[in-house]
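Descriptive analysis of the structure
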Amino acid sequence: MKCRTPRPGLLAILLSLALSPAYAGDSPADAHARGAIIYERCAACHALQTDRTGPRHCGLIGRRAGSVPGFAYSPAMRQSRLIWSEANLDHFIKAPMAFMPGTAMGYDGVKNDAERHDLLAFLRQEGTSDKCRNLQVERP
Ligand code: HEC
């Protein structure tokens, strides 16, 4: 009988294709573009530069939770003592009310991991862009 074992090189290529996440290898610009579409769900209540039902998102990553001046946060948010990072935003956005009981953000969350990845790429890039330059909030 002839050799039936696939060549190791081919096997490795097939395996890496099968195991790679959907967004592997694409650029930050791609993630940003997809994140902008997902952000439309947030835009029901939020905007980058202005407060609406929810507080503005300019400068979000790195600022203290509940710290936009003049915005009427819930006590849960104001007293959370969180500094927003990509890690805790990932948890909050996945399940806001489970992550922070008592939050006034009445939204079920973004359950899909790849979608949150793209949304965070969007928030990270937009939050430090020129349009946010004069809207940074107190840093801890
Ligand atoms: C139904 C309206 C609504 C939607 C939709 C919504 N939010 Fe919110 N969001 C709020 C409100 C209200 C607050 C203030 C919560 C509080 O004080 O407990 C808030 C607060 C936040 C905060 C805390 C900000 C800060 O200044 O500390 C983040 C982060 C946030 N939202 C992200 C998102 C993201 C990302 C999405 C989309 C996936 C989203 N929100 C969708 C209403 C909403």
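In every chain, residue numbers begin from 1 and rise along the written sequence. Local features in this predicted model are restricted to residues of pLDDT 70 or higher, and side-chain atom pairs are both shown and tallied only at a pLDDT of 80 or more, whereas totals for entire chains, interfaces and linings draw on every residue. The basis for every side-chain value is the complete set of non-hydrogen atoms in the structure, without hydrogens or water.

**As for the state of the cysteines**
Quick reminder of the rule: We call a pair of cysteine sulfur atoms a disulfide whenever their separation is within 2.5 Å. Helical segments are the DSSP runs of H or I of at least four residues, strand segments are the runs of E of at least two, and each set is numbered from the N terminus. Each residue's exposure class comes from its accessible area (1.4 Å probe, protein chains only) as a fraction of the maximum for that residue type: buried when under 20%, exposed when over 50%, partly exposed otherwise.
Within the structure shown, the criterion is met by one disulfide. The side chain of Cys 58 participates in a disulfide bridge whose partner is Cys 132; the two sulfur atoms lie 1.9 Å from each other. Negative torsions about the S-S bond denote left-handed disulfides, and the value of about -75° found for Cys 58 with Cys 132 makes this one left-handed. With a gap of 74 residues between them, Cys 58 in the loop between helix H2 (28-42) and helix H3 (75-78) and Cys 132 in the segment after helix H6 (113-127) connect regions that are remote in the sequence. For the pair Cys 58 and Cys 132, one class covers both residues: buried.

**What to know about the packing of aromatic side chains**
What describes a pair of aromatic rings is the distance from one ring centre to the other and the angle between the planes of the rings. Here is the rule: Only rings of Phe, Tyr and Trp enter the pairing, Trp through its six-membered ring, and a pair is recorded when the two centres are within 6.5 Å. The plane angle decides the type: under 30 degrees is stacked, over 60 is edge-to-face, the rest tilted.
Counted by the stated rule, this structure contains four aromatic pairs. Relative to Tyr 73, the ring of Phe 71 lies with its centre 4.8 Å away and its plane at 65°, an arrangement referred to as edge-to-face. Residues Phe 71 and Tyr 73 agree in their burial class; the two are buried. Their ring planes at 70° and their centres at 6.3 Å tell us that Phe 92 and Phe 99 sit as a pair that is edge-to-face. Under the relative-accessibility criterion, Phe 99 is labelled partly exposed at 32%.

**Some details on the layout of surface pockets**
Where empty space is left can be seen by rolling a probe of water-molecule size over the atoms. Convention followed: A cavity here means a set of 1 Å grid points, computed over protein atoms only, where a 1.4 Å probe fits but cannot escape. A pocket is an open set with protein on both sides within 12 Å along at least 5 of 7 lines, and lining residues have an atom within 4 Å of a point. Grid points are joined across faces, edges and corners, and a volume is the space filled by probe spheres set on the points. Ten residue types, Ala, Val, Leu, Ile, Met, Phe, Trp, Tyr, Cys and Pro, are classed as nonpolar, four, Asp, Glu, Lys and Arg, as charged, and the remainder, Gly among them, as polar.
Reported here for the largest pocket is a volume of approximately 530 Å³. Lining the largest pocket are 29 residues, with His 46, Pro 55, His 57, Phe 92 and Met 105 sitting closest to its centre. For the lining of the largest pocket, the secondary structure elements donating two or more residues are H2, helix H4 (86-94) and H6. The greatest single-element share of the lining of the largest pocket, amounting to three residues, is contributed by H4. The residue makeup of the lining of the largest pocket, split by class, is 19 nonpolar, eight polar and two charged.

**What to know about the site of the ligand**
Selection criterion: The rule for a residue being near a molecule or strand is that one of its heavy atoms must lie within 4 Å of it. Any N or O atom pair separated by 3.5 Å or less is treated as a polar contact, with the protein-specific requirement of one donor-capable and one acceptor-capable atom, and with residues adjacent in sequence counted only for side-chain atom pairs. More than half of a molecule's atoms lying within 2 Å of a cavity's or pocket's grid points is what places that molecule inside it.
Inspection of the region around the ligand gives 27 residues, with Cys 42, Cys 45, His 46, Ser 74 and Met 105 positioned closest. At 2.8 Å, a side-chain N or O of His 46 approaches a nitrogen atom of the ligand. At 2.8 Å from an oxygen atom of the ligand is found a main-chain nitrogen or oxygen belonging to Ala 104. Put simply, the ligand lies in the largest pocket. Elements with a contribution of two residues or more to the shell around the ligand: H2 and H4. The dominant element in the shell around the ligand, judged by the number of residues it contributes, is H4, at three residues. Per-class residue counts for the shell around the ligand are 17 nonpolar, eight polar and two charged.

**Details of the coordination of the iron atom of the ligand**
What counts here: Metal-coordinating donors are taken as N, O and S atoms lying within 2.8 Å of the metal, or within 3.2 Å when the metal is Na, K or Ca; because water is left out, some sites can appear incomplete. Under the classification used here, a metal with four donors is tetrahedral if each angle lies between 85 and 135 degrees, square planar if opposite donors are over 155 degrees apart and the others between 65 and 115, a six-donor metal meeting that same test is octahedral, and anything else is irregular.
Coordination sphere of the iron atom of the ligand, protein contribution only: His 46 (NE2) and Met 105 (SD), at 2.0 to 2.1 Å. Around the iron atom of the ligand, the six donor atoms are arranged such that angles at the metal cover 85 to 179°; this shape is classified as octahedral. Residue His 46 is located in the loop between H2 and H3, and its partner Met 105 is located in the loop between helix H5 (96-99) and H6; the two are separated by 59 residues in the primary sequence. Assessed through its relative accessible area of 9%, His 46 is described here as buried.

Fair warning: the whole summary comes from geometry, so function is off the table for now.
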